[in-house]
Amino acid sequence: MKQKKRVKRRGRVTSLRASGSVEQGRSTNDGDRWREWRERQLELKRWLRLPKKRVTLNLDADVLAWFRGMGRGYQWEINKALRRVVEEERRALNGKH
């Protein structure tokens, strides 16, 4: 069996052992969810390497509520949405010149 490690609070590490019955009992959608989760984790790692700057930003309450509704990592989602806008603007400017 493959062993996974999980870090708990205060640096304690525990080993988790996947049971064979759980792995065999996966539905077909589990693979898609796993792939989406893995892609998001890889994107997050790339994003974390970029330098950050702390700012104060005033957002409309409904916009903030929508992003917070995404759950943990909602600030990352806001940054991702803003980055898409910046990249589209850059493409538009490069296309005109």
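Small disclaimer: the values here were computed from a predicted structure and weren't measured.

K.L.:
So what's going on with the overall build of the protein chain? Which residues, and what values?
P.N.:
A count of helical and extended segments in the protein chain gives four helices and two strands. Here the protein chain holds 97 residues, and the buried ones make up 5% of them. Sequence separation of at least 24 residues holds for 25% of the intrachain contacts in the protein chain that already meet a minimum separation of 6. Approximately 9,600 Å² of the protein chain is accessible, and the part contributed by carbon and sulfur atoms is 50%.

K.L.:
Give me the environment of Glu 77: which residues, what numbers.
P.N.:
Structurally, Glu 77 is set in helix H4 (residues 74–96). For the pair Glu 77 and Leu 44, spaced 33 residues apart in sequence, the C-alpha to C-alpha distance is 10.0 Å. Dropping the residues within four chain positions of it, Glu 77 is found in contact with Arg 40, Phe 67 and Met 70.

K.L.:
Can you tell me about the pattern of salt bridges, naming the residues and giving the values?
P.N.:
Evaluated as defined, the whole model comprises two salt bridges. Salt-bridge contacts for Asp 32 lead to Arg 35; the nearest nitrogen and oxygen are separated by 3.1 Å. Residue Asp 32 and its partner Arg 35 are located together in helix H2 (residues 28–49), separated by three residues, close to a single helical turn. On the accessibility criterion, Asp 32 (37% relative accessible area) is partly exposed. Across the pair Glu 77 and Lys 80 runs a salt bridge, and its minimum N-O distance is 3.6 Å. You can see Glu 77 and its partner Lys 80 sitting in helix H4, three residues apart, about one turn around the helix.

K.L.:
Residues and numbers for the packing of aromatic side chains, please.
P.N.:
Per the stated rule, a full pass over the model turns up two aromatic pairs. Look at Trp 34 and Trp 37: their rings are 5.0 Å apart centre to centre, the planes differ by 25°, and that puts the pair in the stacked class. With a gap of three residues between them, Trp 34 and Trp 37 both fall in helix H2, about one helical turn apart.

K.L.:
Give a detailed account of the confidence of the model for the protein chain, specifying residues and quantitative values.
P.N.:
Looking at the protein chain as a whole, the pLDDT averages 77, with 67% of positions reaching at least 70. Element-level mean pLDDT values for the protein chain span from 46 in helix H1 (residues 20–24) up to 95 in helix H3 (residues 61–68).

Criteria and thresholds
Residues numbered from 1 in each chain as written. Predicted model: local features only at pLDDT ≥ 70, side-chain atom pairs only at ≥ 80, totals over all residues. Heavy atoms only, no water. Helix = DSSP H or I, 4+ residues; strand = E, 2+ residues; numbered from the N terminus. Buried < 20%, exposed > 50% of the residue type's maximum accessible area, 1.4 Å probe, protein only. Contact = heavy atoms within 4.5 Å. Areas by Shrake-Rupley, 256 points an atom, 1.4 Å probe, with all protein chains shown as cover. Salt bridge = Lys/Arg side-chain N within 4 Å of Asp/Glu carboxyl O. Phe/Tyr/Trp six-rings, centres within 6.5 Å; stacked < 30°, edge-to-face > 60°. pLDDT = per-residue confidence, 0-100.

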